[in-house]
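Inside the fold
Residue strings, one per chain:
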Amino acid sequence: MRKRTKEGLETIFLLGLASLAAALPFTQSSVRVASWKQESGTVRSDRIARGELAYRVHCASCHGNGGQGNGAMAEQLKVAPADLTRLAHDNQGVFPAERVYSAIDGRREVRGHGPNSMPVWGLTFQTAGRDSDQEKEVRERILDLMSYLESIQAK
């Protein structure tokens, strides 16, 4: 009988999780993003305004005030920041909500940035020292930011 190592058990566990995730009809981010498009006009405009503020604080230094990848820090980066006004254009006219959510949250590597070069905002959007689940608040902040990004898409 083969002895199971801790690493071997972890691998089996991770493979099981991967199989389960592949079998599920929705990804974690699709569940988070699902209700985003069903909001009323007032809620949506409030979300866009909060998202614009978050963008100016957290994103504009690299991606630029207009989202075109020309922020003050852009020249300091190894890879130029993405033009965030072309996300829908580059995805056959559809805003790629799930990909954008995952990129902001930090669970998806952003090609060109390399691993973890872009800040992991899902962690940054948490309140330090708070001993409770902050997932709902983090989700709302990311959805605010996504709403703003969708509003600046080139026509």
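What counts and how
Each chain carries its own residue numbering, running from 1 in the direction its sequence is written. Totals for whole chains, interfaces and linings use all residues, but because this is a predicted model, local features are given only for residues with pLDDT of at least 70 and pairs of side-chain atoms are given and counted only at 80 or more. With hydrogens and water excluded, all non-hydrogen atoms of the structure serve as input to the side-chain values. By the criteria applied, helices consist of DSSP H or I runs no shorter than four residues and strands consist of E runs no shorter than two, each listed in order from the N terminus. In this scheme, a residue with accessible area under 20% of its type's maximum is buried, one over 50% is exposed, and one in between is partly exposed, where area comes from a 1.4 Å probe on protein chains only. Note that accessible areas follow from Shrake-Rupley with a 1.4 Å probe, and for residues the cover is restricted to the protein chains shown. Only the contacting stretch of a helix is used when fitting its axis, a line to C-alpha atoms as for every element, and angles between N-to-C directions run 0 to 180 degrees. Any angle from 65 to 115 degrees is called roughly perpendicular, while one under 35 is roughly parallel, one over 145 is roughly antiparallel, and all others are oblique. Crossings are sorted by hand: turned counterclockwise from the far helix by less than a right angle, the near helix makes the crossing left-handed, and turned clockwise it makes it right-handed. Here a residue-residue contact requires only that any non-hydrogen atoms of the pair lie within 4.5 Å. Residue classes follow a fixed rule: Ala, Val, Leu, Ile, Met, Phe, Trp, Tyr, Cys and Pro count as nonpolar, while Asp, Glu, Lys and Arg count as charged, and any other residue, Gly among them, counts as polar. Grouping buried Ala, Val, Leu, Ile, Met, Phe, Trp, Tyr and Cys residues that are joined through side-chain atoms within 4.5 Å yields what is termed a nonpolar core. Stacked, edge-to-face and tilted labels apply to pairs of Phe, Tyr and Trp rings (six-membered ring for Trp) whose centres lie within 6.5 Å, assigned for plane angles under 30 degrees, over 60, and everything in between, in that order. Across the chain, each position has a pLDDT score giving the predictor's confidence in that residue, from 0 to 100. Only a pair of cysteine sulfur atoms within 2.5 Å counts as a disulfide in this structure description.

Structural notes on the overall build of the protein chain
Across its full length, the protein chain carries 7 helices and 0 strands. Reading the helices (α) and strands (β) of the protein chain from amino to carboxyl end gives α-α-α-α-α-α-α. Per-residue burial over the protein chain gives 34% buried out of 155 residues. Carbon and sulfur atoms provide 56% of the accessible area of the protein chain, an area that totals close to 10,400 Å².

Topic: the packing of helix α5 (residues 97-105) against helix α7 (residues 135-151)
Their axes nearest at 10 Å, the elements α5 and α7 cross at an angle of 125°. Classified by the interaxial angle, the pair formed by α5 and α7 is oblique. The crossing of α5 and α7 is right-handed. Across the interface between the two elements, Ala 97, Val 100, Tyr 101, Ile 104 and Asp 105 of α5 pack against Glu 135, Val 138, Arg 139, Ile 142, Leu 143, Leu 145, Met 146 and Leu 149 of α7. Of the residues that constitute the contact of α5 with α7, the class distribution is 10 nonpolar, no polar and 3 charged.

Examining the nonpolar core
Tyr 55, Phe 95, Val 100, Ile 104, Ile 142, Met 146 and Leu 149 are the most contacted members of the largest nonpolar core, which has 19 residues in total. At the level of secondary structure, the elements contributing two or more residues to this core comprise α5 and α7. A total of 7 residues in this core trace back to one element, the largest contributor, which is α7.

Considerations on the packing of helix α3 (residues 41-58) against α7
For the pair α3 and α7, interaxial distance at closest approach is 7 Å and the crossing angle is 95°. As far as their axial angle goes, α7 and α3 are roughly perpendicular. Side by side, α3 and α7 meet where Arg 44, Arg 47, Ile 48, Arg 50, Gly 51, Glu 52, Ala 54, Tyr 55, Arg 56 and His 58 of the first sit next to Glu 140, Arg 141, Leu 143, Asp 144, Leu 145, Ser 147, Tyr 148, Leu 149, Glu 150 and Ser 151 of the second. The class makeup of the residues in the contact of α3 with α7 is 7 nonpolar, 4 polar and 9 charged.

Quick word on the packing of aromatic side chains
One pass over the full model with this rule turns up 1 aromatic pair. Both rings, one in Tyr 55 and one in Tyr 148, keep their centres 5.3 Å apart while their planes meet at 45°; by these two values the pair is tilted. Separated by 93 residues along the polypeptide, Tyr 55 in helix α3 and Tyr 148 in helix α7 bring together distant segments of the chain. Of the two residues, Tyr 55 and Tyr 148, both sit in the buried class.

A short note on the confidence of the model for the protein chain
Residues of the protein chain with pLDDT of at least 70 account for 58%, and the chain-wide mean is 74. Within the protein chain, the element-level pLDDT minimum falls on helix α1 (residues 6-23), averaging 42, and the maximum on helix α4 (residues 60-63), averaging 94. The low-confidence segment residues 11-29 (pLDDT under 50) makes 8 contacts with residues lying over four places distant or belonging to another chain.

Observations concerning the environment of Met 146
Here Met 146 is to be found in helix α7. Met 146 sits 51 residues away from Phe 95 along the chain, and the two C-alpha atoms are 9.5 Å apart.

As for the state of the cysteines
Applying the stated criterion to the full structure yields 0 disulfides. As a non-bridged cysteine, Cys 59 has Cys 62 as the owner of its nearest cysteine sulfur, 8.6 Å distant. Given a relative accessible area of 23%, Cys 62 falls into the partly exposed group.

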